[in-house]
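Coordinate inspection notes
Spelled out from the first residue to the last, the chains are:
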Amino acid sequence: MTKHHQPATRGSAIVVGASLAGLMTALTLSRTGLRVTMLERSTRKVRTGAALPVSDGLLERLTGRRSPDGKDALPSGGQAWADVHAGLSSAAQADPGISLRSPVRVTEVGQDERSAWVVTDDGEFVRADLVVGADGHASVVRRHVVPEAPDATFSGYVIWLGLVDEREIRSRPWPSDLAILYERDYCLNAYYLPGADGSVARGERRIGWGWYDSSRNDLLRARGAVVDDVVQCTLRAADVPDATFDELADEAREIWPSPWREAIVDCIRRRAVIGTPIGEYLPHRLVSGRVCLVGDAAHLPSPMTGRGFDASAQDALALADALGGNRASVSDALRRYEAARLDAARQLVRSGQSFSNSFAPRGAAQ
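Residues numbered from 1 in each chain as written. Predicted model: local features only at pLDDT ≥ 70, side-chain atom pairs only at ≥ 80, totals over all residues. Heavy atoms only, no water.

Another aspect to go through is helix H6 (residues 242-255). The terminal C-alpha atoms of H6, which comprises 14 residues, lie 20 Å apart, in line with the 20 Å expected from a rise of 1.5 Å per residue. Taken residue by residue, H6 has Thr244, Phe245, Leu248, Ala249, Glu251, Ala252 and Ile255 as its buried positions. Buried residues of H6, viewed axially, fall in a sector of 165 degrees; they line one side. (Helix = DSSP H or I, 4+ residues; strand = E, 2+ residues; numbered from the N terminus. Expected span 1.5 Å × (residues − 1). Buried < 20%, exposed > 50% of the residue type's maximum accessible area, 1.4 Å probe, protein only. Arc of directions from axis to C-beta.)

Under the criterion given, the structure shown has 20 salt bridges. Put simply, Glu247 and Arg216 hold a salt bridge, and the shortest N to O gap is 3.3 Å. Here the residue Glu247 occupies a position in helix H6, and Arg216 occupies one in the loop between strand E13 (206-213) and helix H5 (217-222), the gap between them amounting to 31 residues. Glu247 gets classed as partly exposed once you look at its relative accessible area, which sits at 41%. By relative accessible area, which is 10% here, Arg216 ends up buried. Within the structure, one salt-bridge network assembled from shared partners comprises Arg184, Asp213, Arg216, Glu247, Glu251 and Glu254. (Salt bridge = Lys/Arg side-chain N within 4 Å of Asp/Glu carboxyl O.)

Before going further, it helps to spend a moment on the packing of aromatic side chains. Under the counting rule described, the total for this entry stands at 10 aromatic pairs. Ring centres of Tyr157 and Phe355 lie 5.9 Å apart, and the angle between their planes is 85 degrees; this geometry places the pair in the edge-to-face category. Taken together, the positions of Tyr157 in strand E10 (residues 153-165) and Phe355 in helix H9 (residues 330-359) put the pair 198 residues apart, joining distant regions of the chain. On the numbers, 5.3 Å between centres and 10 degrees between planes, the contact of Phe355 with Phe359 is stacked. Of this pair, Phe355 and Phe359 both sit in helix H9, separated by four residues, roughly a single helical turn. (Phe/Tyr/Trp six-rings, centres within 6.5 Å; stacked < 30°, edge-to-face > 60°.)

So, about helix H8 (residues 308-323). What sets the pattern is the α-helix's 3.6 residues per turn: residues three or four places apart point alike. If you check H8, its first and last C-alpha atoms are 23 Å apart, about what 16 residues at 1.5 Å a residue would give, namely 22 Å. Across the 16 residues of H8, 13 count as buried, placing the element largely inside the fold.

For sheets, the rule is that strands pair by backbone hydrogen bonds, running either parallel or antiparallel. With mixed pairing, six strands are arranged side by side in an open sheet as E5-E2-E1-E9-E18-E17. Because the sheet does not close on itself, it has two edges, and the strands there are strand E5 (98-101) and strand E17 (287-288). (Pairing = 2+ DSSP bridges.)

A cluster of nonpolar residues, Leu178, Ile180 and Tyr182, forms a patch on the protein surface that exposes about 310 Å² of accessible area. Structurally, Tyr182 is set in strand E11 (residues 178-183). (Patch = residues over 30% accessible without salt bridge, like charges linked within 9 Å, V, L, I, M, F, W, Y side chains within 5 Å. Areas by Shrake-Rupley, 256 points an atom, 1.4 Å probe, with all protein chains shown as cover.)

Another point: the packing of H6 against helix H7 (residues 260-270). Closest axis-to-axis distance for the H6/H7 pair is 9 Å, and the angle between their directions is 165 degrees. Judged by the inter-axis angle, H6 sits roughly antiparallel to H7. At the point where H6 passes H7, the crossing takes the left-handed sense. Packed against H6, whose contacting residues are Phe245, Leu248, Ala249, Ala252 and Arg253, the element H7 presents Arg261, Ile264, Val265 and Ile268 at the interface. (Axes fitted to C-alpha atoms, helices over the stretch in contact; angles between N-to-C directions. Parallel < 35°, antiparallel > 145°, perpendicular 65-115°, else oblique. Left-handed = near helix turned anticlockwise from the far one by under 90°. Contact = heavy atoms within 4.5 Å.)

What follows covers the sheet that holds strand E16 (residues 273-280). An order of E11-E12-E13-E10-E16 is seen for the five strands of this open sheet, with the pairing classed as antiparallel. Across the chains shown, the open sheet's two edge strands, defined by having one partner strand only, are E11 and E16. When strand polarity is set aside, the average angle formed by the axes of neighbouring strands in this sheet is 20 degrees. Sheet analysis places E11 next to strand E12 (residues 186-193), joined by six bridges and oriented antiparallel. Of the residues in E12, the one forming a bridge with Glu183 is Tyr186. Docked against the sheet, H6 engages E10, E11, E12, E13 and E16, running at close to 105 degrees with respect to E13.

Once that is clear, we can look at the packing of helix H1 (residues 20-31) against H8. Interaxial distance between H1 and H8 falls to 9 Å at its minimum, and their mutual angle equals 25 degrees. As summarised for this structure, H1 and H8 are arranged roughly parallel, according to the angle between their axes. By crossing handedness, the relation of H1 to H8 is classed as right-handed. Each of Leu20, Ala21, Met24, Thr25, Thr28, Leu29 and Arg31 in H1 lies in contact with H8, whose residues at this interface are Phe309, Ser312, Ala313, Ala316, Leu317, Leu319, Ala320 and Leu323. A class-by-class count of the residues in the contact of H1 with H8 yields 11 nonpolar, three polar and one charged. (Nonpolar A, V, L, I, M, F, W, Y, C, P; charged D, E, K, R; others polar.)

In this model, Ser102 is joined to Pro103 through a cis peptide bond whose omega is -5 degrees. With respect to the helices and strands, the residue Pro103 is situated in the loop between E5 and strand E6 (106-111). Note that the residue after Ser258, namely Pro259, is joined by a cis bond; omega there is 0 degrees. Secondary-structure assignment places Pro259 in the loop between H6 and H7. Phi at Asp228 takes a positive value of approximately 55 degrees, unusual for a residue other than glycine. You can see Asp228 is positioned in the loop between strand E14 (226-227) and strand E15 (230-231). Looking at Asp228, the relative accessible area reads 72%, which means it is exposed.

Shown next as structure tokens:
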């Protein structure tokens, strides 16, 4: 090998999905020496208002490297979904062991004793030593790993999400960074996030909110967001009738306190709101031979747990640990990964189901 070549790798992996779980998994697998090909069906990632708790030093643990300039591209604490995605994307793009192809839609997954592969919608076969399904709640890879239980189940409610610059809201700040409020049959999670420039000074932050709502399931079904109790898609603002937005704004003025009330009304006025139907998936297994699942493809908890992102990070780290040894076969390594993560994943989903059963007791049958 000449000095002009990349260092020798220990094999190859396909990661289906380049959202948060996929990016974290690609980074940890590259760290072990695997060549990673990421296949992502979407060219656009938007999660208005969603927030994530990021643990200290997460990016360093994923990559095994400190930032050369000492600036953390993924700050700890509560962060906007889009900022976390941007930080992970930047790290993946800078990694020579990771290649991203988008838009590529995977339609099938297969394997034999020597390799695993995916088939794309244009008939292309992409082959590697293992395939990781990081393709979210409606995972195609899950159909291969768990063909008898491939679908997440609609939990009976939607979460409306929005985000606004704090400077647009003239009300006095809330005394803490997070509020969890219950009124009527609703639950509101509202929170302060760093500003677009990272500032956490009062007046320079952003306000994010998630409004849990079990009263508009008919709308979800009418718009095709839920079909046969399986979540199909998120409602964008254009999918939501003006009358629904008017109802939400009126109710916000009646029941939610400042500054959250003003933040919600501002987002509705700008139509900067999305509605995500909540699905849950309790895993029976995470692995089949050379194919495994991570993140929401593996275990889908209610966002009310606040731990879905951390669970995805733990999946990525555990998978890399299992594959890090040189002696085990891929199948043996993936079985070790499943042994490390399955019980914790099931406990997390069950904790979210407890909230769902109390918040929307009629559930998906409503």
